[in-house]
Amino acid sequence: MKKIVLALLLVTMSVALFGCNKNDNQVSDGNTSQEVAEFTDDSLTILTNVWNAFAEEEKFPAMGGDYANMVDGAPGAFDVTNTTDLEAMLYVPANVAGDIDEAATLLHGMNLNTFTGAALHLTDAAKAESFTTALKENILGTQWMCGFPDTLVIYTINGEYVVYAFGNVDAINSFKAKIAEVYPEHAVLVAEENLAG
């Protein structure tokens, strides 16, 4: 009788321990299981993390936000309900502006053609390809004043964010390096274009 009770107790403990160890964020490859971190960053956090990864000598006079709420020296949140400013400042075409629900910017404080960067959250990750195509075409079709930016890069991060920047080669190369450093598992380069002609 004692052996039966002991066996039942061991089975019960094994089942309980197995159940407590189960995690919805685990991926099994058949032999091992690996924890998958949930992505929780928002647009402002993404740009802030990338900007903070810049070395001091790589940084430039920066500002962020929108016309109504500018932040000095750091990225800032952007009001996406103002589609006029969204198109004027960030080159997001009006016909896809409704596909985003939050945004942040990082801008060169003296010349936007030297560096303009933004992170945008898509309302539906399935629209990433059509959104990035429309964004790229709008930026490529822009008639620039005060000189041409050299390069445009567009990333998706975690499939639900579109992060892009255009400007001079050095600033864009630093931006690319920092995105790869900060988001190595989540960032996918979907476009890189020469804007200088």
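What counts as what
- Residues numbered from 1 in each chain as written.
- Predicted model: local features only at pLDDT ≥ 70, side-chain atom pairs only at ≥ 80, totals over all residues.
- Heavy atoms only, no water.
- Pairing = 2+ DSSP bridges.
- Helix = DSSP H or I, 4+ residues; strand = E, 2+ residues; numbered from the N terminus.
- Expected span 1.5 Å × (residues − 1).
- Buried < 20%, exposed > 50% of the residue type's maximum accessible area, 1.4 Å probe, protein only.
- Arc of directions from axis to C-beta.
- Polar contact = N/O pair within 3.5 Å; in protein donor to acceptor, adjacent residues only side chain to side chain.
- Core = buried A, V, L, I, M, F, W, Y, C linked by side-chain atoms within 4.5 Å.
- Phe/Tyr/Trp six-rings, centres within 6.5 Å; stacked < 30°, edge-to-face > 60°.

S.K.: Got a minute to help me understand the pairing of strand β3 (residues 62-65) in this structure?
M.R.: Every regular strand shows the same layout, with side chains that alternate between the two sheet faces. In the sheet, β3 pairs with strand β6 (residues 100-108) via 2 bridges, with the strands oriented antiparallel. The partner of M63 across the bridge, within β6, is L107. Of the pairings in the sheet, the one linking β3 to strand β4 (residues 70-72) comprises 3 bridges and is antiparallel in character. Its bridge partner lying in β4, G65 is registered against M70.

S.K.: Can you help me understand helix α5 (residues 169-182) in this one?
M.R.: Counting along an α-helix, one turn takes 3.6 residues, and residues three or four places apart therefore face a common direction. The end-to-end C-alpha distance of α5, which contains 14 residues, comes to 20 Å, matching closely the 20 Å that a straight helix rising 1.5 Å per residue would cover. By the burial criterion, the buried members of α5 are A171, I172, S174, F175, K178 and I179. The buried residues of α5 occupy an angular sector of 160 degrees when projected down its axis, which confines them to one face. In α5, the exposed positions angled more than 90 degrees off the buried face are occupied by D170 and E181. For α5, the capping residue at the N-terminal end is N168, with a side-chain oxygen 3.3 Å from the backbone nitrogen of D170.

S.K.: What is the right way to look at the nonpolar core in this model?
M.R.: Within soluble globular proteins, side chains that are nonpolar tend to cluster in buried spots. Counting 28 residues, the largest nonpolar core has L90, V92, L120, F131, I139 and Y164 as its most contacted members. Secondary structure elements with two or more residues in this core: α3 (83-90), β6, β7 (115-122), α4 (128-140), β8 (151-157) and β9 (161-167). For this core, the leading source of residues is α4, giving 5 residues. Ranked by size, the runner-up nonpolar core spans 23 residues in total, among them F39, F60, V163 and A165.

S.K.: Just checking my understanding: could you explain the packing of aromatic side chains for this structure?
M.R.: Geometrically, a pair of aromatic rings is defined through the distance of the ring centres and the angle of the planes. Following the criterion strictly, the structure yields 8 aromatic pairs and no others. Aromatic pair F39 and Y161: ring centres 6.0 Å apart, planes at 50 degrees, arrangement tilted. You can see F39 sitting in the loop between β2 (33-35) and α2 (43-53) and its partner Y161 sitting in strand β9, a full 122 residues away along the chain. Y161 matches F39 in its accessibility class, with the two residues each being buried.

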